[in-house]
Amino acid sequence: MKKTIITVIGKDTVGIIAKVCTYLAENNVNILDISQTIVQDYFNMMMIVDANAASKEFEILSKELKEIGEQIGVKIKMQHEDIFNCMHRI
């Protein structure tokens, strides 16, 4: 199974988790792990998901999540686990 990392960062508002999770469920993306924190009104969420059975291609999911983020005022990024690990290696 290839895992995918989704990060969500921005000002905290009502419904961020609901919108992201609803979109993922509607597209058959399984959430494996989720962590979220709020620090002084700033929302930060990291999700590890399995998108192997997704109803859309990775690029489309990534683009649509980015658009959802723009609509709700946060930045949403979707990356393959391998790319995420390479970018965040010390």
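A few words now on the nonpolar core. Ranked by internal contacts, the top residues of the largest apolar core, which has 21 residues, are Ile 6, Val 8, Val 20, Leu 24, Leu 65 and Ile 76. Counting residues per element, the ones that place at least two in this core are strand 1 (3-11), helix 1 (16-26), strand 3 (42-50), helix 2 (58-72) and strand 4 (74-80). A total of 5 residues in this core trace back to one element, the largest contributor, which is helix 2. In this view, Val 20 contacts Val 8, Met 45, Met 47, Leu 65 and Ile 76; residues no more than four positions away in its chain are not counted.

With a phi close to 45°, Gln 40 is a non-glycine residue in the positive phi region. Its location among the elements puts Gln 40 in the loop between strand 2 (30-39) and strand 3. Residue Asp 41 is not a glycine yet carries a positive backbone phi of 70°. Locating Asp 41 in the fold gives a position in the loop between strand 2 and strand 3.

Rules behind the numbers
- Residues numbered from 1 in each chain as written.
- Predicted model: local features only at pLDDT ≥ 70, side-chain atom pairs only at ≥ 80, totals over all residues.
- Heavy atoms only, no water.
- Core = buried A, V, L, I, M, F, W, Y, C linked by side-chain atoms within 4.5 Å.
- Buried < 20%, exposed > 50% of the residue type's maximum accessible area, 1.4 Å probe, protein only.
- Helix = DSSP H or I, 4+ residues; strand = E, 2+ residues; numbered from the N terminus.
- Contact = heavy atoms within 4.5 Å.

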